[in-house]
Amino acid sequence: MCQSCASSVSVSVSGGDSGAQGGVPEFVGRLVGVINSAGLALMISVGHRTGLFDAMSEGGARAWSSEELARSAGLSERYVREWLGAMATGRIVTLGADGRYTLPSEHAAWLTRRAEPNNIAVSMQWIGVLGAVESEVVWAFGHGRGVPYSAYGRRFHDVMADESRQTTVLALDSAIVPLVDGLHGRLERGARVLDIACGKGLAMLHLARRYPRSRFVGVDLSEEAIEMGRREAAGVDNLELVTGDVTTFGGKDEFDVVTAFDAIHDQAAPDRVLANIRRVLKPGGVLLMQDIKARTAHAENLDHPMGPFLYTISTMHCMSVSLANGGPGLGSAWGREKAEEMLHAAGFDGVSVHELAHDMINFYYVCRAG
Ligand SMILES: C[S@@+](CC[C@H](N)C(=O)[O-])C[C@H]1O[C@@H](n2cnc3c(N)ncnc32)[C@H](O)[C@@H]1O
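Predicted model only: the values in this text are computed from it and were never measured.

At the junction of Glu116 and Pro117, the peptide bond is cis and its omega measures out at 10° in the coordinates. Mapped onto the elements of the fold, Pro117 is located in the loop between helix H6 (105-108) and helix H7 (121-131). One non-glycine residue, Asp253, lies in the positive phi region at around 55°. One non-glycine residue, Asp262, lies in the positive phi region at around 50°. Assignment of secondary structure puts Asp262 in the loop between strand E7 (255-261) and helix H14 (270-280). On the basis of relative accessible area, Asp262 is assigned to the partly exposed category, the value being 23%.

Written as structure tokens, this is what we have:
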């Protein structure tokens, strides 16, 4: 580590401001903050997956020794103690003078399964998923031909479903369905609904249970995702989860409603997918599209609260999987301007764009097939 980095670290470790003190450039302090935050993101993901946050918050904000916490969570004490070191130095948990650790309730409100849909620990899982393909992505910077979906394995679909349960499934009834005038009534009376690139299909599973007179189809290229989804949907008769390619899937005028949750920007042929959606929608049908809240130009995203993360997940996944299949690599921050342009080109004239209070990462496009 360079001399100024080392002195910046010592400033930071001694509890002071890691900024411009002692002649250390403010930027070095920021970089030290970046590496600490990156480490914490991984450790928060581990805390979520191992159930440690849930165990710590069981019965309210109480103080734990590492032995008690390990016993309660059924985990190795040595690992739990080291994790607590990261959590305490990262000020996620507090360390008392008696050597016991507490997860404050105001932190538990954003880190536990009981906190859903506000459990931000779920999103921290992306750092590990993306880190697992770093070498493939570095290689792709040279050859430019992307990284295929298969490189991300089953774990991608697990984390995607975890994320989508919070962002999409839990908000369907209260916020997402009401975005489309008359949709609730239409679904109650009985409609044909297609979810394109559905992943495990959790959104359709929820709607199929809620609206028994409607029929739902979820389609995804991934056999693994569809297989996992079918297991969860066993016994739900008005839902079909099928493996297929959404550039061609479905018959003309077959569906009243098409949904696309976080599913267009990483397509290999997003223009053909949108045209196909237009084709399978009945006249008067509606496309409800959730996609990343960003503008198309980098300059317009400089103050985006999650800008660096959006371009990271795009480089490490969304853009790369599209390029791997010969696509344009729109990227996750393809932005509202590009999205509206492509929707119009596909034949959707009435497009309205919405933001929802629970979801800081997506826009919701309601698109009418004239
Ligand atoms: C970002 S994930 C979103 C999954 C799901 N909609 C959700 O919100 O959880 C994108 C999905 O698109 C699927 N996919 C990509 N291209 C596809 C295509 N041409 N046809 C069907 N599925 C596709 C992938 O397998 C992946 O499951």
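A word on the site of the ligand. In the vicinity of the ligand, 18 residues are found, and the nearest of them are Ala197, Asp220, Asp245, Val246 and Phe261. Note that a nitrogen atom of the ligand is positioned 3.0 Å from one of the backbone N or O atoms of Leu221. Coverage of the ligand by the protein amounts to 94% of the 600 Å² it exposes when considered alone. Counting residues per element, the shell around the ligand draws most heavily on helix H9 (residues 153-167), which supplies four residues.

Right, let's talk about the sheet that holds strand E1 (residues 63-64) for a bit. Spatial strand order, E1-E3-E2: three strands in an open sheet with antiparallel pairing. Of all strands in the sheet, those with a lone pairing partner are E1 and strand E2 (94-95), marking the two edges. With two bridges connecting them, E2 and strand E3 (residues 101-102) associate as antiparallel partners. When the sheet's bridge partners are listed, Thr94 is paired in E3 with Thr102.

Along its sequence, the protein chain is carved into domain 1 (3-113) and domain 2 (128-369). Taking only C-alpha atoms into account, the centre of domain 1 sits 34 Å from that of domain 2.

Our next topic: the pairing of strand E8 (residues 281-292). With nine of its twelve residues buried, E8 lies for the most part within the structure. Taking the sense of rotation as the criterion, the β-α-β connection linking E7, H14 and E8 turns out right-handed. Pairing of E8 with strand E10 (residues 359-369) involves seven bridges; the strand directions are antiparallel. Residue Ile292 lies in a different strand from E10, and its bridge partner there is Asn362.

Another aspect to go through is the pairing of strand E9 (residues 348-356). Across a regular strand the side chains alternate sides, sitting on one face of the sheet and then on the other. The sheet contact formed by E9 and E10 spans seven bridges and is antiparallel. Paired with Leu356 across the two strands is Asp359, which belongs to E10. The antiparallel hairpin formed by E9 and E10 contains two residues in its connecting segment.

Rules used throughout
- Residues numbered from 1 in each chain as written.
- Predicted model: local features only at pLDDT ≥ 70, side-chain atom pairs only at ≥ 80, totals over all residues.
- Heavy atoms only, no water.
- Helix = DSSP H or I, 4+ residues; strand = E, 2+ residues; numbered from the N terminus.
- Buried < 20%, exposed > 50% of the residue type's maximum accessible area, 1.4 Å probe, protein only.
- Near = heavy atom within 4 Å.
- Polar contact = N/O pair within 3.5 Å; in protein donor to acceptor, adjacent residues only side chain to side chain.
- Areas by Shrake-Rupley, 256 points an atom, 1.4 Å probe, with all protein chains shown as cover.
- Pairing = 2+ DSSP bridges.
- Domains from an automatic or database assignment.
- Right-handed = clockwise from strand over helix to strand, strands pointing away.

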